[in-house]
Every structure is written in structure tokens, then in C-alpha cells.
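Here are the chains, one letter per residue:
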Number of protein chains: 2
Amino acid sequence: MSKPTARERILAAAVGQIAREGIDGVRIARIAMEARVSSALVHYHFETRDALLAEALDYSYQRAGEARIAGEDERPGASHADRLQSMIDGSLPTTPGLTEDWVLWVELWLRAARHPDLRPVAEELYARMHAWFRDAIAAGVKDGEFNRCDPDEVADRTLALIDGYGIRTLIGDGAIPLERARSAVARALAQDLGLGETLQAGEPARNAARAASRPVRTAPSM
Amino acid sequence: MSKPTARERILAAAVGQIAREGIDGVRIARIAMEARVSSALVHYHFETRDALLAEALDYSYQRAGEARIAGEDERPGASHADRLQSMIDGSLPTTPGLTEDWVLWVELWLRAARHPDLRPVAEELYARMHAWFRDAIAAGVKDGEFNRCDPDEVADRTLALIDGYGIRTLIGDGAIPLERARSAVARALAQDLGLGETLQAGEPARNAARAASRPVRTAPSM
DNA sequence: ACGCAAACTGATCACAAAGTCAGGATGGTT
DNA sequence: AACCATCCTGACTTTGTGATCAGTTTGCGT
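Since the model is a prediction, treat every value here as computed from it, not as a measurement.

Re the pattern of salt bridges
Stage number 1. Counted by the stated rule, this structure contains 29 salt bridges over all chains.
Stage number 2. Between E153 of chain B and R187 of chain A there is a salt bridge, with its nearest N and O atoms 2.3 Å apart. Note that E153 of chain B is positioned in helix α8 (residues 151–171) and R187 of chain A in helix α9 (residues 178–192), a pairing that runs across two chains.
Stage number 3. Overall, the relative accessible area of 15% leaves E153 of chain B in the buried class.
Stage number 4. By relative accessible area, which is 17% here, R187 of chain A ends up buried.
Stage number 5. Salt-bridge contacts for R111 of chain B lead to D24 of chain B; the nearest nitrogen and oxygen are separated by 2.8 Å. With R111 of chain B in helix α6 (residues 96–114) and D24 of chain B in the loop between α1 (6–21) and α2 (28–34), the pair connects residues that are 87 residues apart, well separated along the chain.

See the structure below:
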């Protein structure tokens, strides 16, 4: 991967521009400039503007989803709680790269809301994330690290919280700082799983009976 | 309001088109057609396309936020839990009108993420929603209907859940049906407030001491 | 060295869409 | 009736941009 081909440069420029300017803001002349090629070459490699955008989005979604999951998937010594925490971190807009992914993700939401034919794309991405969380939670339950619960439901709720808090931080760190979003999601998940206040320093529940006798916390902390 | 002026028809057409086609998809020729005026008149009433769009969005956001809050605000006999529940219903895309509002809302997210100067607009809308939930929760706590908790934090979490589940249903009823989203948000909130499984048939906590000795539920229901 | 296909370019076309302008209709005031 | 301001229109100009095309360069197989 030392010398990216012109085609790859075009694709990369397209992805960057979609994130920065939005799908509708993409201009092939600008892509050409950014990739240091003539705009005619863009049309040589990609039939039409829409085809280029479709391929760029597909490429980006695929890459983002895989990187997120692959990165956190096979970690030998980590506890289930640790894996969940780092997956949450990798799912919130914690880095510039992830923020870019988020913007594309929101763009997909919007288009899917308007064009039903895009919904399968969005649903598949959701399904992948859901499956990851569901399996991680189920595994933790099976190993006695977490309380008994419905992994599907907890996974859904966690995804919703990630999306909700993620959006909020994306819009402006003023409203909800990233760190607060992180801990809020983690704490809610820890609560669902019967851990303490946090995923990281999780005092494992070991058995549901003990958890069942623990008093409910009166306030979600201050 | 029997005879909407041409200016109003133009504005209404703009709002509708933004929701249907997206901000970038708006064509003033089409707006003119829809409002049964010439496209020159659009430019007569609105300096420029951007000015029209800005006014249309502002109008729509203002209206949506106010309608949502005003509708659920002053209800005489309702319990705090009931008011929360109906506010949740009014905040999820439960009707075609609300779905349209949602699409505009997501569009604002996207733009605010890219253009920091739009963030105050988004943050103000969030602040309004947050304040409503915070106050409603605090009032319920004060009256002993809910458990003691940090209203600010519970409000934030509720908003995050609304956004997260709302998006999910917006994208396709296939993934998460609206009804499941509704109950999921309500159940999570009920849990935070120390109620039973649901907001509607809430068994009031009355005092925090009793709530503190209640066992944590082992599973978020099936 | 030759030939040939793939990669690439500058110039240009075609068209959609925002914005302008000169003037016509309408309704109110004196 | 005469006047004027507001509302409104059809026709036109301008611009930005996606797409095309004729032709040039590059690299590779024989």
C-alpha cells in the first residue's frame, strides 16, 4: 500500500469530502483536485457521480464497522466488562476519525428515513453492532460476570444510549462533554448488568441471588 | 387564518420540501409550483434561497418544539408519570407530523456537526427539552411520586434514549417497532424514578426509604 | 521496436437552477 | 379619477457543475 492508485485517491477524497461537506456538497472537480487528477479521470473510473458516491459510502461504512468490531473483538485477557467498555469508547465519537464516521452515519440515517431502499443498509450495520453487544453480554452472563438479563434488550438499549449521547456530543461539546457521555453509557450498562457504578472497576456479581438482595441505588450519582 | 398569504404558502411549501427532499434538495422552482406562485415571487419575498431556508427551518423548529411542550404542559389532573409518558410519546416519531419534525431534527444535527455556528440553535432546542424533563422529574420527586434522583442526569438519559430509539424506528420499523421504542424509553425512565415496570400504572414510591430497600430487578423484563 | 490496451488530460458541451429586470395587475388613499 | 405602494409575472441572464470526447501518454506483452 505504498503507492495508492489514482482510483484509490479519488475514493479517499470522496469519503473525506462527504464527511466534511455532506453528500450533496460533493463536487467532482474538487475531488479531482484533492486527488491530483483531472476531473475527466474521475468519470473514467466511475460511470457517474452517484456511482462514485455509492461506492465511497459503501467502502467507508464497511471499513468503519469492521475496524470498530475487529479492534475490540479478539482481546485475550480482557474481562467481558472491559471489552464492552472499549467497544463503547470505539462507538462514540471519541477521535477525529470516529467523528468522521459518525457524520457519515448520521447522513445515512437521514437518507434511509427518506428513501426506504436505503434502509437495509442501515439495518445491516445496526444488526452487526447489535449482534456484537448481544454476544458480549450473553457471554458475560454465561460466565457469571454479569447478572441475568435479556441480552437482546440490553444491547438495544445500549445502542440507543450510544446513539443518543453520541449525537449530543457531536453537536457540541458544550451540551454534554464526551467524557460525560462515555460514563453515562457505561454506567447505564453496568446497572443493567448488575455491576457497580462502572464497567471498568466492575465488582463482579458472580451470582444473581447476591445481586437480588442489593439495594437499588437511590440516585444515579451526582 | 382562512386565506394563507402567498408568503405563507411559500414558507409552508419550503418546510414540506425540506422534510421530503432535504435542505439541499429544495428547488425554488418547485416551491413556487407548490405554492402556486411564480418563482420570481419567491425572490421577491425572500432575498435569497438561503434566507428562505433559514426562515423556514427556524419557523419549523420553533413550531415543533412549542407544540410538543405546550401540548403536554398544562394538564390539570394528570400525574407526573402520565405527563412524562405523553411527553415521550410526543417526542418519538409516532405520527406523520412528528416524523417530519424528526427528519428536520436529524438534518439539524448533521449541519450542526459540520458547521459550529449552527450549534447554538441545536443546543437551545435540546436545552428546552431538557428543562421540561428536568422540571417534570423534579416536581415528581418533590411530590414523592418518584424516587430521589438527579433530575438533570435522568433527563439527559431520557433524551438520549428518545433520540437513540427514535432514530432507530425512523430508519425502519423493521429493526425496532415504534411500540417497542415507546415502552423501552418509558421502562428505563420508570426504573430511574423507582417506579415499577411502566410509567402509566406507576406504583408510586411515596418515600425514598422504602425504595432503598427494594431489591434490584434481575432482568429488564423479557 | 512495435502494437495495443489501459490510464489520463484539456477543452468543451449541455443543462439545471439561482437570481434579475422591466413592467403589469391590484387595492387602498386622496 | 388619479396616484401610489405592494404584490406579482414572464422572459432573460448567469453561473456552477456533471458529463463527453478527441486525442495523448504510459506501461506491458511479444
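Right, picking up where we left off after that structure.
Overview of the nonpolar core
Stage number 1. Ranked by internal contacts, the top residues of the largest apolar core, which has 131 residues, are W109 and F133 of chain A together with W109 and F133 of chain B.
Stage number 2. Look past the residues within four positions of W109 of chain B in its chain and what remains in contact with it is W109, I167 and I171 of chain A together with W102, Y126, D163 and I167 of chain B.

Re the protein's contact with DNA strand C
Stage number 1. Near DNA strand C you find 14 residues, and of these S38 and A40 of chain A together with I28, T48 and R49 of chain B are the closest.
Stage number 2. Considering DNA strand C, the proportion of its atoms within 4 Å of the protein that are sugar or phosphate atoms stands at 69%.
Stage number 3. Between DNA strand C and I28 of chain B there is a distance of 3.4 Å, counted from a phosphate oxygen to a backbone nitrogen or oxygen.
Stage number 4. At the level of secondary structure, the elements contributing two or more residues to the surface near DNA strand C comprise α3 (39–45) of chain A together with α3 (39–45) of chain B.
Stage number 5. Considering every element that reaches the surface near DNA strand C, the biggest residue donor is α3 of chain A, with 4 residues.
Stage number 6. Class assignment for the residues of the surface near DNA strand C results in 8 nonpolar, 4 polar and 2 charged.

Observations regarding α1 of chain B
All names here are of chain B.
Stage number 1. With 16 residues, α1 should reach 22 Å at 1.5 Å per residue; the first-to-last C-alpha distance of 22 Å fits that figure.
Stage number 2. Along α1, the residues classified as buried are I10, L11, A13, A14, V15, G16, Q17, I18 and A19.
Stage number 3. Count one or two residues on from α1 and you reach G22, which has phi positive near 90°.

Focus: the relation of the copies chain B and chain A
Stage number 1. Once chain B has been moved 0.0 Å along the axis and rotated by 180°, it coincides with chain A to within an RMSD of 0.1 Å. In the structure described here, the two chain copies are related by an operation that fits a two-fold rotation axis.
Stage number 2. Most of the interface of chain B is mirrored in chain A, where 100% of its interface residues are also at the interface.

Overview of the protein's contact with DNA strand D
Stage number 1. In the neighbourhood of DNA strand D, 14 residues make up the surrounding shell, with R27, T48 and R49 of chain A together with S38 and A40 of chain B lying closest.
Stage number 2. Backbone atoms, meaning sugar plus phosphate, form 68% of the atoms of DNA strand D positioned within 4 Å of the protein.
Stage number 3. Within the side chain of H43 of chain A, one N or O atom sits 3.0 Å away from a phosphate oxygen of DNA strand D.
Stage number 4. Backbone polar atom of S38 of chain B to a phosphate oxygen of DNA strand D: 2.8 Å apart, as the coordinates give it.
Stage number 5. Of all the secondary-structure elements, those providing two or more residues to the surface near DNA strand D are α3 of chain A together with α3 of chain B.
Stage number 6. With 4 residues, α3 of chain B is the largest single contributor of residues to the surface near DNA strand D.
Stage number 7. For the surface near DNA strand D, a count of residues per class yields 8 nonpolar, 4 polar and 2 charged.

Re the confidence of the model for chain A
Stage number 1. Residue-level pLDDT values for chain A average 85, and 85% of them are 70 or greater.
Stage number 2. Note on residues 201–222 of chain A: pLDDT is under 50 here. Beyond four places in sequence and across chains, it has 52 contacts.

Focus on the interface of chain B and chain A
Stage number 1. In this complex, chain B contributes 55 residues to the contact, which on the side of chain A involves 56 residues.
Stage number 2. At the boundary of chain B with chain A, total buried surface from both sides reaches about 4700 Å², with 59% on carbon and sulfur atoms.
Stage number 3. Per-residue buried area on chain B facing chain A is highest for R114, R168 and I171 of chain B; these three make up 15% of the total on that side.
Stage number 4. Along the contact surface separating chain B from chain A lie 8 salt bridges.
Stage number 5. R168 of chain A is the salt-bridge partner of D156 of chain B, the closest N and O atoms lying 3.3 Å from each other.
Stage number 6. On inspection of chain B and its partner chain A, the count reaches 18 residue pairs in polar contact (both at pLDDT 80 or more).
Stage number 7. Those elements that place two or more of their residues in the side of chain B that touches chain A are α1, α6, α7 (119–142), α8, α9 (178–192) and α10 (208–212) of chain B.
Stage number 8. Counting residues per element, the side of chain B that touches chain A draws most heavily on α8 of chain B, which supplies 14 residues.
Stage number 9. Residues that form the side of chain B that touches chain A fall into these classes: 29 nonpolar, 7 polar and 19 charged.

Some points on α9 of chain B
Stage number 1. With 15 residues, α9 of chain B ought to run about 21 Å at 1.5 Å a step, and its terminal C-alpha atoms sit 21 Å apart, in line with that.
Stage number 2. Where burial is concerned, most of α9 of chain B is hidden: 11 out of the 15 residues are buried.
Stage number 3. Within α9 of chain B, the full set of buried residues consists of A181, R182, A184, V185, A186, R187, A188, L189, A190, Q191 and D192 of chain B.
Stage number 4. Looking at the buried side of α9 of chain B, the elements it contacts are α8 (151–171) and α9 of chain A together with α5 (80–91), α7 and α8 of chain B.
Stage number 5. Within two residues after α9 of chain B, G194 of chain B carries a phi angle of roughly 80°, on the positive side.

Here is what the cut-offs are and how they apply
- Counting restarts for each chain: residues are numbered from 1 in the order of the written sequence.
- Here the convention is simple: chains get letters from A, ligands get numbers from 1, in the order in which they are written.
- Two thresholds apply to this predicted model, a pLDDT of at least 70 for residue-level local features and 80 or more for giving and counting side-chain atom pairs, whereas whole-chain, interface and lining totals are computed over all residues.
- With hydrogens and water stripped out, all remaining heavy atoms of the structure feed into the side-chain values.
- By convention in these notes, a salt bridge is any Lys or Arg side-chain nitrogen within 4 Å of a carboxyl oxygen on Asp or Glu.
- Runs of H or I in DSSP of at least four residues are treated as helices and runs of E of at least two as strands, each being numbered from the N terminus.
- Partly exposed describes any residue whose relative accessible area lies between the buried limit of under 20% and the exposed limit of over 50%, with all areas from a 1.4 Å probe on protein chains only and scaled to the type maximum.
- We define a nonpolar core as any set of buried Ala, Val, Leu, Ile, Met, Phe, Trp, Tyr and Cys residues linked to one another through side-chain atoms lying within 4.5 Å.
- Contacts are residue-level and defined by heavy atoms, with any inter-residue pair within 4.5 Å sufficient.
- Each residue is tested against the molecule or strand, and it is near if at least one of its non-hydrogen atoms lies within 4 Å.
- As used in this structure description, the phrase polar contact means that two N or O atoms lie within 3.5 Å; if the pair is within protein, one of them must be able to donate a hydrogen and the other to accept it, and residues adjacent in sequence are counted only when both atoms belong to side chains.
- Ten residue types, Ala, Val, Leu, Ile, Met, Phe, Trp, Tyr, Cys and Pro, are classed as nonpolar, four, Asp, Glu, Lys and Arg, as charged, and the remainder, Gly among them, as polar.
- Between the first and last residue of a helix there are one fewer steps than residues, each counted as 1.5 Å, and that sum is the expected span.
- The copies were overlaid by least squares, fitting only the C-alpha atoms of residues that reach a pLDDT of 70 or more in each copy.
- The predictor reports its confidence for every residue as pLDDT, a score running from 0 up to 100.
- By buried area we mean the combined loss of accessible area, with a 1.4 Å probe, across both parts when two parts are placed together.

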